[in-house]
Amino acid sequence: MKSKFFSILAAGMLALFCSGQIFAQDMVYSNADAFPVFGKSVPNTTARYERLTPETAAATRPAVASLGTNSAGLYVRFRTDSRQINARWTSLYGNHMNHQTLTGTRGLDLYALLEDGTWRFVNSARPALNNRETDAKIISGMDGEMREYMLYLSLYDGVEKLEIGVEDGSVLEGPSIDSPCSGRPIVMYGTSILQGGCANRPGMAFTSILSRRFDREVVNLGFSGNALLDLEIAEQMAQIPDPAVYVLDYVPNASARMIDEKGEHFFSILREAHPEVPVIFVEDPDFTHLYFDEQIREEVRKKNLSQKALFERLKKAGVKKIFYVDNSNLIGQDGEACVDGIHFTDMGMVRMADAMMPALKKALKHCK
C-alpha cells in the first residue's frame, strides 16, 4: 500500500515537472522590433539588424556589402521586472569559425544597468550548434526588480529575427534611461579586430567596452579583412548627423601604398561633412607573432610609417583636431593578447580599449 502511494506521488510529480508548473514559468515572447536598436550609423539600413544602407551596399564591393549584414556592435535596449529572461533568434547564416567561440560569432550578450550607472554582464545567450534558430534561457532566479537591459547582437553573423522572452505577467517595455547616451556617437572604422574578432562574447568587443566606459553609443564599422579605405564607407560615415569622434583603425588591412593613395581622400570626406569633428588615427598593433615572423614585422613597420606620414602631412597643412595612437602598447608586449597571432583574446580587447581611452578623452574634450 505504501509502495503504491509513493508510485502515485512520483507519477504526479513527474507530470507536474513535465508540464512546467513547478520548475519553470510560462514565458511570453515579444518581437524585439518593438524596442530601440542602437549602434547603427544610419537608420535606413536594408534590414533592421544590419549596418549599411541599400545605396552603400550597392556601391561597395560585394565582400563589404556581405559583412555589412553582420550585426557587430548593435544592441537592443529594454527594461523588465521578469525574474527570467530568454532570447529567441534566427541567425542569418549560421556561421562557424575555427578561432572564435560560437557565443562570440553568433551568440547574444545581456548586460544590466546597476544603480551606480555602470553596466554589468548578466549572461550570454549561447547559439544552437547546428541550427540557425535558437531559443535560449539567458538568466533565471532573479529578484523581480525592474531593471534596464542591453542585449548585444552577434559579431560575425546577422540576426534575421529576434524575440525577447519574459515571464507571463511581468513588464517588458522600452528603456527609460538613455544609457549608453545616444546623442553623439563615437564612430569607428576598421578591420576584423574592430568588428570583434575574436571576442568570446559580443559585449567584449573593444568597441563595446569603450561604449560602456564612456557611457556613449559607439558605431562599429569593422569589416573583416576588408577595411581597404573604401570611399563609399566614408560617405556613409559622413551621413551621420552629429558624430562626436571618428576613429580610423584600418591599418591592419590596408597596405602602405593604399594608405598613401587613399588615406587623405577618405579623411577629407569625413572632414568636409563635419569640419569640427575630431578624428583619431590608429596604427597597426605589434601582433604577437611579429616576435618570430620577420616578414610581417616589416610589413607592419611600413604600414605604420605610411599612417604616421599621412597624419604629419595633415598637421603640416594646418588641419586641426586630429589625434594619433601609436602601437607602442596597444595590446601589451607579453604575447598573450591574440588567439591566432592576429585576432584578439578578451585580454587583447581590454588592452586595446585601455590604449584607446587617452586619445578618446582628449578628442571628446574638443567635441563641440
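As the structure is a prediction and not an experimental result, all values here were calculated from the model. (Residues numbered from 1 in each chain as written. Predicted model: local features only at pLDDT ≥ 70, side-chain atom pairs only at ≥ 80, totals over all residues. Heavy atoms only, no water.)

S.K.: Give a detailed account of the pattern of salt bridges, specifying residues and quantitative values.
M.R.: Taken as a whole and judged by the stated rule, the model has 21 salt bridges. Here Glu148 ties to Arg77 by a salt bridge, and the two come within 2.9 Å at their closest N and O atoms. In this pair, Glu148 sits in strand E8 (residues 147–152) while Arg77 sits in strand E3 (residues 75–80), placing the two residues 71 residues apart along the sequence. Residues Glu148 and Arg77 agree in their burial class; the two are buried. With a shortest N-O distance of 3.2 Å, Arg184 and Asp242 are connected by a salt bridge. With Arg184 in strand E11 (residues 181–190) and Asp242 in the loop between helix H7 (231–238) and strand E13 (245–249), this residue pair connects regions lying 58 residues apart in the sequence. Classification of Arg184 as buried rests on a relative accessible area of 18%. Overall, the relative accessible area of 39% leaves Asp242 in the partly exposed class. Put simply, Arg77, Arg79, Glu148 and Glu173 are held in one network by salt bridges that share partners. (Salt bridge = Lys/Arg side-chain N within 4 Å of Asp/Glu carboxyl O. Helix = DSSP H or I, 4+ residues; strand = E, 2+ residues; numbered from the N terminus. Buried < 20%, exposed > 50% of the residue type's maximum accessible area, 1.4 Å probe, protein only.)

S.K.: Requested: an account of the packing of aromatic side chains, with residues and values cited.
M.R.: Remark: the centre distance and the inter-plane angle together describe each pair of aromatic rings, the angle taken between the planes. The final tally for this structure, using the stated rule, is 13 aromatic pairs. Each ring, one from Tyr75 and one from Tyr152, has its centre 5.7 Å from the other, and the planes form 65°; the classification is edge-to-face. Residue Tyr75 is located in strand E3, and its partner Tyr152 is located in strand E8; the two are separated by 77 residues in the primary sequence. Between Tyr189 and Tyr250, the aromatic rings sit 6.5 Å apart at their centres with planes inclined by 45°, giving tilted as the arrangement. A residue pair is termed long-range when its members are at least 10 positions apart, and Tyr189 in strand E11 and Tyr250 in the loop between E13 and helix H8 (256–273) qualify at 61 residues. Of the residues examined, Tyr189 reaches a relative accessible area of 0% and is grouped as buried. (Phe/Tyr/Trp six-rings, centres within 6.5 Å; stacked < 30°, edge-to-face > 60°.)

S.K.: So what's going on with the packing of helix H6 (residues 206–214) against helix H10 (residues 346–365)? Which residues, and what values?
M.R.: Following both chains from N to C, one finds H6 and H10 inclined at 50°, their axes separated by 9 Å at the closest point. Judged on the interaxial angle alone, H10 and H6 are oblique. Like other packed secondary-structure pairs, H6 and H10 cross with a definite hand, here right-handed. The residues of H10 that touch H6, namely those facing Phe206, Ile209, Leu210, Arg213 and Phe214, are Met349, Val350, Met352, Ala353, Asp354, Met356, Met357, Leu360, Lys361 and Leu364. (Axes fitted to C-alpha atoms, helices over the stretch in contact; angles between N-to-C directions. Parallel < 35°, antiparallel > 145°, perpendicular 65-115°, else oblique. Left-handed = near helix turned anticlockwise from the far one by under 90°. Contact = heavy atoms within 4.5 Å.)

S.K.: Account for the sheet that holds strand E1 (residues 27–31), with residues named and values stated.
M.R.: By definition, the strands of a sheet pair up through backbone hydrogen bonds, in either a parallel or an antiparallel sense. Pairing within the open sheet is antiparallel, and its four strands lie in the order E1-E9-E4-E7. Strands with a single pairing partner mark the edges of an open sheet, and in this sheet they are E1 and strand E7 (133–139). Neighbour-to-neighbour, the strand axes of the sheet open up by a mean angle of 25°, direction not taken into account. In this sheet, strand E9 (residues 159–167) lies alongside strand E4 (residues 85–91) in antiparallel orientation, the contact comprising seven bridges. When the sheet's bridge partners are listed, Arg88 is paired in E9 with Glu163. (Pairing = 2+ DSSP bridges.)

S.K.: Residue-level account of empty space enclosed by the protein, with values.
M.R.: Here the structure, examined in full by the defined rule, presents one cavity of 30 Å³ or more. By volume, the largest cavity amounts to about 40 Å³. Lining the largest cavity, in full, are Gly73, Tyr75, Tyr152, Thr207, Ser208, Ser211, Val218 and Asn220. Residue assignment for the lining of the largest cavity shows that the elements contributing at least two residues are H6 and strand E12 (216–222). Top element by residues in the lining of the largest cavity is H6. It accounts for three residues. (1 Å grid on protein atoms, 1.4 Å probe; cavity = no way out; pocket = protein on both sides within 12 Å on 5 of 7 lines; lining within 4 Å. Points joined across faces, edges and corners; volume = space filled by probe spheres on them.)

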